[in-house]
Amino acid sequence: MTEQVFDAALALLVMGVGAWSMMAGRITSAVIIFIVYGLLLSLVWVRIAAIDVALTEAAIGSGATGMLLIAAAYKTGRESGARETVSGSLHVIAVLLASSVALGLASLAFVLPGEPVSLAGDVLRSLPDSGLGNPVAGVLFVYRSFDTLLEKIVLLVALLGVWSLGSDRDWGGIPGLKPFAQKHSVLVLLARTLPPIGLTYAIYMTWVGADVPGGAFQGGTVLAAMWVLVMLAGVRQIPRLSSPALRAAIVAGPVVFLAIGFLGFVSPGQFLAYPQGFAKPLIVAMEIALTLSIGVILGLLSAGPSNGKDAR
Amino acid sequence: MLDLFSVACVLGGAILFMAGTIGLLRFPDQLTRLHALTKVDNLGLGLIVLGLLPQFGWLTGVKLFCTWLLVQLSGAIVTQLIGGAIRTREPRR
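All values derive from a computational prediction rather than experimental measurement.

**A few points about the packing of aromatic side chains**
Residue and element names in this part refer to chain A.
- In total, this model carries nine aromatic pairs over all chains according to the counting rule given.
- Ring centres of phenylalanine 262 and phenylalanine 271 lie 5.3 Å apart, and the angle between their planes is 50°; on these two criteria the pair is classed as tilted.
- Given the relative accessible area of 45%, phenylalanine 262 is considered partly exposed.
- Taken together, the aromatic side chains of Phe146, Phe262, Phe265 and Phe271 make up a single cluster linked through ring pairs.

Structure (structure tokens):
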């Protein structure tokens, strides 16, 4: 009984906060409410025992996206010089679009034909063959590896999209992120003490992802957060976007993924299939490379396009 | 006995969270609102962690304690930054 009351209250709260985010007058308020919405949504995922999704929602959906949206709101507000308010018609369009998506999904859930077919039992029975303990990692890397590969490539394309916002002759310069102005601020202390802890945590999160909730996306986000903190505090210089080491880190994940995918042609004879007995080490290698790439890409997404200083 | 201790501590933490939230909503200016928030971070979360400690093994206990320490660190520093920002923006009254 108490659980149902809690779930119902949570569901109502999520819907209310979602509506509030769309109706908020200022863009920055809307973004902050959206971040709260993401955190509440991750509570919902915890309630339905999807810890992996909850972690990803909190890290990517709320944290990383929220940071990008705040940066975008600040930038557009400053560049247009106007008050960063949203006009009434935009509210109406946003509400209409969001509710039509929600209604569409809800109607799909109601017209599902008969008994839903679940493959969960089959997956759990053959999970030990991959050597993994976390069924989510198993599905992502064994049954749905092509989707997982494309997900990472989407990130790459998003980064290229951000880079192309800069002008042509600035290509490959230093990103336009402005470090915090005060040199002796307490932020520097945080940027010096937190990264070792964060780094350890990111490695831990990626490593345990094979057996319990966690994995490359969550670890990579923590990595990115630490790097953004270091860049913001001005503890380390932001690297040039044309730096070969940086470019290598960006493509490391997809390259290792594709290499192992093509290796599948040699041994079991199929793209993205793993040789008998080598599934777990190969998947862990992919996760490590992906964590590095995701961390660097998310960090660079928040650093923005080149500002023209020190361009190629 | 230990369960009673847990319930008392978590309840105390929850009451502090409630008080902090009321403070955040009702206090007149930004600095006092920050003041309300820090109490929740330090003591409220501390009490909840303390209450949960006897319910788990030592490894989870260490993790919980580390979580509290990290929240302390980031909470203290973020509060400093926000406070500094308020001071530079507003002329002294």
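**Concerning the layout of surface pockets**
Residues and elements named next belong to chain A.
- Considering only enclosed or pocket space, the second largest pocket measures out at about 630 Å³ in volume.
- Taken together, 22 residues form the lining of the second largest pocket, with Val14, Met15, Tyr37, Leu41 and Ala102 sitting closest to its centre.
- Looking at the lining of the second largest pocket, the elements with two or more residues in it are helix 1 (2–23), helix 2 (27–47) and helix 4 (88–110).
- Top element by residues in the lining of the second largest pocket is helix 1. It accounts for nine residues.
- Looking at side-chain class alone, the lining of the second largest pocket contains 17 nonpolar, three polar and two charged residues.

**With respect to empty space enclosed by the protein**
Residue and element names in this part refer to chain A.
- Summed over the entire model, instances satisfying the criterion amount to two cavities of 30 Å³ or more.
- Considering only enclosed or pocket space, the largest cavity measures out at about 40 Å³ in volume.
- The class makeup of the residues in the lining of the largest cavity is three nonpolar, four polar and one charged.
- Considering only enclosed or pocket space, the second largest cavity measures out at about 30 Å³ in volume.
- Around the second largest cavity, the lining residues are Thr206, Trp207, Ala210, Val284, Glu287 and Ile288.
- Listing elements by their share of the lining of the second largest cavity, those giving two or more residues are helix 8 (186–208) and helix 11 (279–303).
- Looking at the lining of the second largest cavity, the element that brings in the most residues is helix 11, giving three residues.

**Some points on the interface of chain B and chain A**
- Counting residues at the interface gives seven residues for chain B and 10 residues for chain A.
- Taking both sides of the interface into account, the surface hidden between chain B and chain A amounts to around 650 Å²; carbon and sulfur atoms contribute 88%.
- The largest contributions to the chain B side of the interface with chain A come from Leu73, Ile77 and Leu81 of chain B, which together make up 61% of the buried area.
- Taken together, chain B and chain A are joined by zero salt bridges.
- Along the contact surface separating chain B from chain A lie zero residue pairs in polar contact (both at pLDDT 80 or more).
- The class makeup of the residues in the side of chain B that touches chain A is four nonpolar, two polar and one charged.

**What to know about the environment of threonine 65 of chain A**
Residue and element names in this part refer to chain A.
- Looking at the element boundaries, threonine 65 is found in helix 3 (residues 51–80).
- Taking the C-alpha atoms as reference, threonine 65 lies 9.5 Å from leucine 298; in sequence the two are 233 residues apart.
- In contact with threonine 65, not counting residues within four places along its chain, are Phe34 and Ile60.
- A polar side-chain atom of threonine 65 sits 2.6 Å from the main-chain carbonyl oxygen of isoleucine 60.

**Digging into the side chain of serine 293 of chain A**
Residues and elements named next belong to chain A.
- Secondary-structure assignment places serine 293 in helix 11.
- When its relative accessible area of 2% is taken as the criterion, serine 293 is described as buried.
- Residues within four places of serine 293 in sequence aside, it is in contact with Ala249, Ile250, Val251, Ala252, Gly253 and Pro254.

**Re the domain arrangement of chain A**
Residue and element names in this part refer to chain A.
- Entries for chain A in the domain assignment read domain 1 (1–117) and domain 2 (134–312).
- Between domain 1 and domain 2, the contact holds 10 residues from the first and 13 residues from the second.
- Counting across the interface, domain 1 meets domain 2 through zero salt bridges.
- On the surface where domain 1 and domain 2 come into contact, there are three residue pairs in polar contact (both at pLDDT 80 or more).
- The residue inventory of the side of domain 1 that touches domain 2, partitioned by class, reads seven nonpolar, one polar and two charged.

**Observations concerning the state of the cysteines**
Residue and element names in this part refer to chain B.
- Applying the stated criterion across every chain, the model contains zero disulfides over all chains.
- Summary of cysteine pairing: cysteine 66 is not part of a disulfide, and the nearest cysteine sulfur, belonging to cysteine 9, is at 19 Å.
- Take cysteine 66: its relative accessible area is 37%, and that puts it in the partly exposed class.

**With respect to the pattern of salt bridges**
Residues and elements named next belong to chain A.
- Enumeration according to the criterion identifies seven salt bridges over all chains in this entry.
- Put simply, glutamate 151 and lysine 152 hold a salt bridge, and the shortest N to O gap is 3.6 Å.
- Judged by its relative accessible area of 38%, glutamate 151 is partly exposed.
- Each of the salt bridges in this network shares a partner with another, and the network as a whole consists of Glu3, Asp7 and Arg47.

Rules used throughout
- Residue numbering note: each chain is counted from 1, following its sequence as written.
- Here every chain gets a letter starting at A, and every ligand a number starting at 1, in the order they are written.
- Owing to the predicted nature of the model, reporting of local features is limited to residues with pLDDT of at least 70; listing and counting of side-chain atom pairs is limited to 80 or more, with chain, interface and lining totals taken over all residues.
- Values shown for side chains rest on all heavy atoms present in the structure; no hydrogens or waters enter the calculation.
- Centres within 6.5 Å are what make two rings of Phe, Tyr or Trp a pair, Trp counting through its six-membered ring; a difference in plane orientation under 30 degrees is then read as stacked, over 60 as edge-to-face, and the rest as tilted.
- Think of it in three bands: residues with accessible area under 20% of the maximum for their type are buried, residues over 50% are exposed, and the middle band is partly exposed, with areas taken using a 1.4 Å probe on protein chains only.
- Using protein atoms alone on a 1 Å grid, points that fit a 1.4 Å probe yet trap it form a cavity, whereas open point sets bounded by protein on both sides within 12 Å along at least five of seven lines form a pocket; residues with an atom within 4 Å of a point count as lining.
- Grid points are joined across faces, edges and corners, and a volume is the space filled by probe spheres set on the points.
- Helix and strand assignments come from DSSP, with helices taken as H or I runs of at least 4 residues and strands as E runs of at least 2, each series counted from the N terminus.
- Lys, Arg, Asp and Glu make up the charged group, whereas Ala, Val, Leu, Ile, Met, Phe, Trp, Tyr, Cys and Pro make up the nonpolar group; the residues left over, Gly among them, are polar.
- Any two residues having at least one pair of non-hydrogen atoms within 4.5 Å are treated as being in contact.
- When two parts are brought into contact, each loses some accessible area as probed by a 1.4 Å sphere; the total of that loss over both is the buried area.
- Definition used for salt bridges: Asp or Glu carboxyl oxygen within 4 Å of a side-chain nitrogen of Lys or Arg.
- Whenever two N or O atoms come within 3.5 Å, that pair is a polar contact, provided that in protein one can donate a hydrogen and the other can accept it, and provided that, for residues adjacent in sequence, both atoms are side-chain atoms.
- Each domain span listed reflects an automatic or database assignment of domains.
- The criterion for a disulfide is a pair of cysteine sulfur atoms lying within 2.5 Å.

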